[in-house]
Amino acid sequence: MAYIELVGVQKLYRKRDRSISALADLSVQIDAGEFVAVMGPSGSGKSTLLNLLGGLDASTAGQVRVGEAELQRMSERQLTQWRCRHVGFVFQRCHLLAVLTAAQNVEVPLLLFKLTARERRERVRLALSLVGLEERADHAPAQLSGGEEQRVAIARAIVTDPALLLADEPTGDLDAAASEEIMALFERLNREFRKTVVLVTHDSKAAAHAARTLQLVKGELLRDERGAPHTVER
């Protein structure tokens, strides 16, 4: 059984007196441990798909299942608890809190769990180490480069050890070198730690790191391609 399954999913948005279709009868399966890139022009439904997978939005029709969770059947409270335990989000804008250090930003999701301060510190240390920023733990976001800020955001996303990572244009504000570093990090999290990664991107170079690419156009699945992921020279 696939880890992620969408069956006949539709998503309509109301705008004044008309309905706008963001996704139309979309059916997709994604296995645990896959690295999938979702591409398509603006307005094709990419971010809508990501929001549905993360339980941030609800489908108008159809079924959305992630693991054992049937998201359309869950209450807002249940979805919130499920997201905290199973999903890590990374966005184009890092949304780091300027008044907190890198370590404190990473620690924020852990405050929802019954952990001791020592346990939280150890998890934060490990997460920052995985993204190569353990030595920058006490730096404020303003003291970090754009690439470093995004790595802190990724550390924050993985600190609870979620099975699923959802990334929406994570390299959109970065230069080419920083983008490659971020995508190599996602590739490592997928290969070594078996995270299931679903990445929305306009960047074909970023998408090349994934083993599978879904092409959306006007809310419909136009193409589903599999291939060997790009390997970054180090």
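Above this text is the structure in question.
Attention here is on the structure that accompanies the text. Only a predicted model underlies this, so the values are computations on that prediction, with no experimental measurement involved.

1. Some thoughts on the pattern of salt bridges
It is possible for side chains of opposite charge to pair when their charged atoms get near one another.
Move 1: Considering all chains together, one arrives at 14 salt bridges under this definition.
Move 2: A salt bridge links Glu 70 to Arg 73; the nearest nitrogen and oxygen atoms lie 2.6 Å apart.
Move 3: One salt bridge connects Arg 223 with Glu 225, and the closest N-O pair in it is separated by 3.6 Å.
Move 4: The exposure class of Arg 223 is partly exposed, given its relative accessible area of 38%.
Move 5: Taken together, the shared-partner salt bridges connect Glu 34, Arg 212, Asp 224 and Arg 226 into one network.

2. Overview of the sheet that holds strand 2 (residues 18-30)
Move 1: Taken together, four strands build an open sheet; the order of strands is 2-1-4-5 and the sheet is antiparallel. A single partner strand is all that each edge strand has here, and the edge strands are strand 2 and strand 5 (69-70).
Move 2: Relative to strand 5, strand 4 (residues 61-66) is paired through two bridges, and the arrangement is antiparallel. Note on strand 5: the bridge partner recorded for Val 66 is Ala 69.
Move 3: Contacts from helix 1 (residues 46-53) reach strand 1 (4-15), strand 2 and strand 4, with the element oriented near 120 degrees to strand 1.

3. Topic: helix 2 (residues 76-86)
Move 1: Within the sequence span of helix 2, burial applies to Leu 79, Trp 82 and Arg 83. Considered in projection along helix 2, the buried side chains sweep an arc of 100 degrees and stay on one side of the axis.
Move 2: Those residues of helix 2 hidden inside the fold are in contact with helix 1, strand 4, strand 5 and strand 6 (87-91).

So, how was this worked out
- Residues numbered from 1 in each chain as written.
- Predicted model: local features only at pLDDT ≥ 70, side-chain atom pairs only at ≥ 80, totals over all residues.
- Heavy atoms only, no water.
- Salt bridge = Lys/Arg side-chain N within 4 Å of Asp/Glu carboxyl O.
- Buried < 20%, exposed > 50% of the residue type's maximum accessible area, 1.4 Å probe, protein only.
- Pairing = 2+ DSSP bridges.
- Helix = DSSP H or I, 4+ residues; strand = E, 2+ residues; numbered from the N terminus.
- Contact = heavy atoms within 4.5 Å.
- Axes fitted to C-alpha atoms, helices over the stretch in contact; angles between N-to-C directions.
- Arc of directions from axis to C-beta.

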